[in-house]
Amino acid sequence: MAEAIQSPAQATFWFVQGRVLFWLINLLGSACFAYIVAKRLTPLMRGQRDMRFDRPLMRLGRLLKFWFGQWRHPRYLAAGIIHILLFSGFIVLVMHTFALLAMGTSGRHAAAAAAGGLYGAISDYAATVVFLCMIVAIVRRLLKPARYAVPAKYGKAHTADAIFLLALIAVLMAADSVFEASHAVAVRESLPVISLAWMLEGALAAAPLAVLSNLYLGAYLVHELSFFFLLCYRPFGIQFHVETSLFSVYFAKLDRGTVKPVRWGVPDGQLDQVQSFGVKTFEDFTWKHMLDFYSCADCGRCSDQCPANAVGRPLSPRFLTIKAREYAFEHYPVWGRAHNGHPSQPLIGGIYSEDEIWSCTTCGACEAECPLLIEYIDKIVDLRRGMVEDGQVPQSLQKPLKALESRGNPFGKMEKKKADWVKAKDFQQTCNVRILNGEHNTETLYFVDSITSYDDRIQAIGRATASILDRSGENFGILGAVEKDSGHDVRRFGEETLFMALREHNTEAIKASGVQRIVTSDPHAYNALKHDYKDVPPVEHISEVIARKVHAGDIQLKPLPDGKEGGRDVYTYHDPCYLGRHNGIYDAPREVLDAIPGLQRVEMPRSRDRSFCCGGGGLALFYEPKEDQRMGVKRVQMAAEAGANVIVTACPFCMVNMEDAIKVAGMEGKMTAIDLTELVEKQMR
Amino acid sequence: MEILVCTRRVPDTSENEIEMNGAGNDIERDDLVYSVNEADNYAVEEALEIVERTGGIVTVVTVGGEDDEEILRREMAMGAKNGVLLSDDAFSGADGKGIATILAAFVKKGHYDLILTGVQAEDGAAQVGGMLAAMLDYPFASLVNSIEVAPGKLKIAREIEGGNKEINEIDLPCVLSIQTGINEPRYVGMRGIRQVASVPIPTFGAVELGLNGNAGAAGAKVRRVDYFTAPEGKGAEMLEGSTEAIVDSLIELLKAKGGLN
């Protein structure tokens, strides 16, 4: 068998012995790759600290699920299946490829080099699958889905580059198969049926030995060269994720709902000593966030889901990353010095605009979608922290921020009027809400937060919540005038110092009240108390409380009356971002709705972790974005398309945005919005 | 260029519910929150932007008491290099002319190329800037909504009828009253204010400024006599009917009241 044709190591290529040539190629290729990777790591070395080495088992588990298991890929079915196929192909071929590389220097043949008959057969099929996937992928780059398009403002599409890289992989697979096939014909071995190599074997069946030998050696050389070319070229574009994704996923953020600290490793008490807050230049990003920039595969799913992008705001998460990667490539070149020796330039006004960074509602749709778990909210918040420190805050946000500082709420309303909502005449007669002063032994605190306390419309949600708690036998009270804004969105809009002042004040007030648990009807307050506050009693959202009481029979719900003109209303539930995506509470509100006899409920296609943000809460309510359309308008249209005429939500900000949107969309009388608490309160027996 | 900006601390109208006190001679001042007068904040921003372009320093000054330091610190956190408080028991009850006298005495102690005030204080009468210029014998321009620096002079604009701009040249040193909207004032965060919390703020009294007792109530020629709330009107009249009918009756009403010719 060995005499039939020469192995690559034994053969002579242009007077050079194969063994020597392939040693050289392997060495040079590896050295080149190592050099490029070292250069790519330079900015990471200059980046900020990031604590990503904790909880290794949890990280490993997520690596298995999201990287090895390709968990999120099928969310986009066609692209997902193609990716899973070629990812599996690559995984199968790893060992095969190393064996092939080794054989150039060892002198053994392919069949012998491979681990055995079964693995050889699987490898042949894997190469075939990858080859076919590449063809499909190239076609998809030509007949591109809308989400691949690159708007002119974000730069140029890298279609040619992408196709070139895909074609190279196809060449690699073809070379592998030609290599296998020519060897198999020469030694009269049969290859696994329907594989690419098998087809080539059929085609070459009648070829003379000399031709087979040349093909065999030629294919090996092509394989060798294209392998190393790909290896060294990938770090220049989107395919770098082949190498970096493993690390990006392993080091991905574990705690959803949280915001990264201003500087990792600096306790809150020492923040005054930190020279500069947030991200102002590229080097202010953490090393992990820089790694994210490398890992982005430019698949466009984040921006496809992003509500800001959908309504024409100047923000596309995909290009947040791509622009940063291009910045890194330009300023940390493979040849030459970083920044050409110049100091680093500000990112705002450079690659990013102020409006771009303020356009995000921190809804988290992008992060829920990214197959590689790339983080966006922490980067946005860090960029905002930098802008806040430099005074670059839009006028529309300055007033509410100033009011939060002096009055503890964004509306600038007086503290002494914070509990006025409980004094509504009809309400006070049936439900007397106690203001806690620490003297009575009250078990539960209802944390109301600013909008529910002060907004005329939203106060109704406060009253419904209090009434439900009261009628279901809870011993509860409110903080009244001493409650300040939870600061949830103050933090997410980058005003960390103000947030910490609000948190400190509220933490003391909560502790002084002596309660053992907190309930809130505001998902933003819920998220803040749960993830941003420390040392406060456990917190629940009112929907969880209601669901539990419904199961236990403490709350009984009566059937719905007929809707207008005797017809039945059709309900749909809108998942608030900070209840759903950020805290995983999807089922409790739905269970409550389904417990109302006669309630007909439909799901919008964009629900649960694909819910579409209403326009944002907290300070987002004050921000005046540049946009073609309101997010809320899009959302109420989605509800209408799903066949609903009542939108149920469980967040005061969603309510404000939905009701505004219904008016703006001209759907008054055809669509109504109601909070879960309002509905339950109405239906309670 | 050395720029002085005269500022004032006023109850923030967006964060207070202004009510009359029981006696009816003042507003209810318990529970009020204060901030820097809005137009003054624009003046400070403009001064900072000029200094960023041409070099120099910005000083902010106010006439008042200890409580008023808070706005000086806010403007210092914004970027003003110095803050100065002009404070004396003898200053209390000063009218506009009194305030201008105190400020003029302070200006004469330094060398300022440019003095800015807000166009008016939210609780004031837009009189201090002009009087200050007169006392210093400096040229004065009011309602300024853009400034360009030229050697020894400024090119300034004010808005005239129909949103048009009138451009004037004014020699330095001069006094300008700054209109809101001239720029977009930068944000001042809590961290910035904390960072200037321990910077000393010099205080000058009547003696240091060489003023006799006439700056305060004793010398005031304008005295507040009373406040009154406007009597409640009849309220709104809702026009009803089709859009066309509503528009027609609106035009009739406007014509009848002289709003349309």
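Residues numbered from 1 in each chain as written. Chains lettered and ligands numbered in written order. Predicted model: local features only at pLDDT ≥ 70, side-chain atom pairs only at ≥ 80, totals over all residues.

A.B. asks: Tell me about the overall build of chain B, and name the residues and values.
C.D. replies: Regarding its fold elements, chain B presents six helices and 11 strands. The principal-axis extents of the C-alpha atoms in chain B amount to approximately 70 × 50 × 40 Å. A buried classification covers 37% of the 261 residues belonging to chain B. When contacts within chain B are restricted to residue pairs at least 6 apart in sequence, long-range pairs at least 24 apart make up 70% of them. (Helix = DSSP H or I, 4+ residues; strand = E, 2+ residues; numbered from the N terminus. Buried ≥ 20, exposed ≤ 12 C-beta atoms within 10 Å, placed from the backbone. Contact = placed C-beta atoms within 7 Å.)

A.B. asks: Requested: an account of the overall build of chain A, with residues and values cited.
C.D. replies: Within chain A one finds 28 helices and 11 strands. Out of the 685 residues belonging to chain A, those deemed buried represent 48%.

A.B. asks: So what's going on with the domain arrangement of chain A? Residues and values would help.
C.D. replies: One widely used convention gives an interface's size as the accessible area the parts lose upon coming together. Residues and elements named next belong to chain A. Taken domain by domain, chain A holds domain 1 (12–242), domain 2 (268–392), domain 3 (396–552) and domain 4 (564–683). A straight line from the C-alpha centre of domain 2 to that of domain 4 covers 31 Å. Listed as interface residues are 15 residues of domain 2 and, on the opposing side, 19 residues of domain 4. For the side of domain 2 that touches domain 4, the secondary-structure elements that each account for two or more residues are helix H12 (307–310), helix H14 (354–358) and helix H15 (365–369). Residue composition of the side of domain 2 that touches domain 4, by class: eight nonpolar, five polar and two charged. (Domains from an automatic or database assignment. Nonpolar A, V, L, I, M, F, W, Y, C, P; charged D, E, K, R; others polar.)

A.B. asks: Hey, could you go over the sheet that holds strand E10 (residues 174–178) of chain B for me, with residue numbers and the actual values?
C.D. replies: Residue and element names in this part refer to chain B. The mixed open sheet is built from nine strands, whose spatial order is E9-E8-E7-E10-E6-E1-E4-E5-E11. Each edge of the open sheet carries a strand with a single partner, namely strand E9 (164–171) and strand E11 (203–204). Docked against the sheet, helix H2 (residues 69–78) engages strand E4 (57–63) and strand E5 (82–86), running at close to 165° with respect to E5. (Pairing = 2+ DSSP bridges. Axes fitted to C-alpha atoms, helices over the stretch in contact; angles between N-to-C directions.)

A.B. asks: Describe the sheet that holds strand E8 (residues 570–573) of chain A, naming the residues involved and giving the relevant values.
C.D. replies: What links the strands of a sheet is backbone hydrogen bonding, and the strands pair in either a parallel or an antiparallel sense. All names here are of chain A. Pairing is parallel in the open sheet, where four strands are placed in the order E9-E8-E10-E11. Looking at strand neighbours, the two that pair on one side only are strand E9 (600–602) and strand E11 (672–675), the edges of this open sheet. Taken pair by pair, the neighbouring strands of this sheet meet at an average axis angle of 35°, ignoring direction. As defined by bridge partners, strand E10 (residues 646–649) adjoins E11 across four bridges and the pair is classed as parallel. For Ile-647, the partnering residue across the bridge sits in E11 and is Ala-673. Against the sheet, helix H28 (residues 676–683) makes contact with E10 and E11, and its axis sits at roughly 80° relative to E11, the strand it touches most.

A.B. asks: Give a description of the nonpolar core that names residues and reports values.
C.D. replies: Ranked by size, the top nonpolar core spans 197 residues in total, and within it B:Val5, B:Ile102 and B:Leu103 carry the most contacts. With sequence-adjacent residues up to four places away left out, B:Ile102 is seen in contact with B:Val63, B:Leu86, B:Phe91, B:Ala94, B:Leu209, B:Leu211 and B:Ala215. Formed by 39 residues, the second largest nonpolar core is a distinct cluster that contains A:Phe131, A:Met134, A:Val178 and A:Leu215. (Core = buried A, V, L, I, M, F, W, Y, C linked by C-beta atoms within 7 Å.)

A.B. asks: Could you give an account of the interface of chain B and chain A, naming the residues involved and the relevant values?
C.D. replies: With 15 residues of chain B at the interface, the matching set in chain A holds 21 residues. With three residues, helix H5 (residues 190–195) of chain B is the largest single contributor of residues to the side of chain B that touches chain A. Here the residues of the side of chain B that touches chain A sort into five nonpolar, three polar and seven charged.

A.B. asks: Kindly report on unusual backbone geometry, identifying the contributing residues and their values.
C.D. replies: Omega for the peptide link from B:Leu172 to B:Pro173 comes to -10°, which places this bond in the cis form. Mapped onto the elements of the fold, B:Pro173 is located in the loop between E9 and E10. Residues other than glycine seldom take positive phi values, yet A:Arg188 does so here, at roughly 60°. Checked against the element boundaries, A:Arg188 lands in the loop between helix H6 (159–187) and helix H7 (196–204). In this model, A:Asp449 sits at a positive phi of 70°, which is unusual for a non-glycine residue. Judged by the 28 C-beta atoms lying within 10 Å of it, A:Asp449 is buried.

A.B. asks: Can you explain the packing of H6(A) against H7(A)? Please cite residues and give values.
C.D. replies: To characterise two packed helices, one gives the angle between the axes of the helices and the distance between these axes. Residue and element names in this part refer to chain A. Closest axis-to-axis distance for the H6/H7 pair is 8 Å, and the angle between their directions is 50°. In terms of orientation, H6 and H7 fall into the oblique class. Pair H6 / H7 crosses with right-handed handedness. In this structure, H6 uses Met-173, Ser-177, Val-178, Glu-180, Ala-181, Ser-182, Ala-184 and Val-185 to contact H7, whose residues at the interface are Leu-196, Ala-197, Leu-200, Glu-201 and Leu-204. Tallied by class, residues from the contact of H6 with H7 come to nine nonpolar, two polar and two charged. (Parallel < 35°, antiparallel > 145°, perpendicular 65-115°, else oblique. Left-handed = near helix turned anticlockwise from the far one by under 90°.)

A.B. asks: Let's hear about the environment of B:Asp88: which residues, and what values?
C.D. replies: Take B:Asp88: it is sitting in the loop between E5 and helix H3 (96–109). B:Asp88 has contacts with B:Gly205 and B:Ala206, leaving out every residue within four places of it along the chain.

A.B. asks: Describe the confidence of the model for chain B, with residues and values.
C.D. replies: Residue and element names in this part refer to chain B. For chain B, per-residue confidence averages 92 on the pLDDT scale, and 100% of positions sit at 70 or higher. Confidence, expressed as mean pLDDT per element, reaches its minimum in chain B at helix H6 (residues 243–256) with 90 and its maximum at strand E1 (residues 2–6) with 98. For this predicted complex, the interface confidence score (ipTM) comes to 0.88, while the overall pTM stands at 0.93. (pLDDT = per-residue confidence, 0-100.)

A.B. asks: Describe the pairing of E5(B), and please don't skip the residues or the numbers.
C.D. replies: Residue and element names in this part refer to chain B. With five bridges connecting them, E4 and E5 associate as parallel partners. Residue pairing for E5: Thr-59 is matched across the bridge by Asn-82. In this region the chain leaves E4, passes through H2 and returns to the parallel neighbour E5; the handedness of that crossover is right-handed. Judged from the two bridges that link them, E5 and E11 form a sheet pairing that is parallel. When the sheet's bridge partners are listed, Leu-86 is paired in E11 with Phe-204. (Right-handed = clockwise from strand over helix to strand, strands pointing away.)

A.B. asks: Tell me about helix H23 (residues 523–532) of chain A, residues and numbers included.
C.D. replies: In an α-helix, one turn spans 3.6 residues; hence positions three or four apart end up facing the same way. Residues and elements named next belong to chain A. Counting buried positions along H23 gives nine out of 10 residues, so the element sits mostly inside the fold. Those residues of H23 not exposed but buried are Pro-523, His-524, Ala-525, Tyr-526, Asn-527, Ala-528, Leu-529, Lys-530 and Asp-532. Buried residues along H23 sit in contact with strand E4 (444–447), helix H21 (488–492), helix H22 (496–513), strand E6 (517–520), strand E7 (539–541) and helix H27 (652–664).

A.B. asks: Which residues make up the packing of helix H10 (residues 287–295) of chain A against helix H13 (residues 317–331) of chain A, and what values do they have?
C.D. replies: Residue and element names in this part refer to chain A. For the pair H10 and H13, the least separation of the axes is 8 Å and the interaxial angle reads 100°. When the interaxial angle is binned, H10 and H13 end up roughly perpendicular. Contacts from Met-290, Asp-292, Phe-293 and Tyr-294 in H10 reach Thr-321, Ala-324, Arg-325 and Ala-328 in H13. Of the residues in the contact of H10 with H13, the class split is five nonpolar, one polar and two charged.

A.B. asks: Lay out the environment of A:Pro208 in plain terms, naming residues and giving numbers.
C.D. replies: The residue A:Pro208 is located in the loop between H7 and helix H8 (209–233) in this model. On a C-alpha basis, the gap between A:Pro208 and A:Val185 in space is 9.7 Å, while along the polypeptide they are 23 residues apart.

A.B. asks: Would you mind going over the environment of A:Val94 in detail, with residue names and values included?
C.D. replies: All names here are of chain A. With respect to the helices and strands, Val-94 occurs in helix H3 (residues 77–106). Among the residues examined, Val-94 registers 11 C-beta atoms within 10 Å and is labelled exposed. A C-alpha to C-alpha distance of 9.3 Å links Val-94 and Ser-123, two positions 29 residues apart in sequence.

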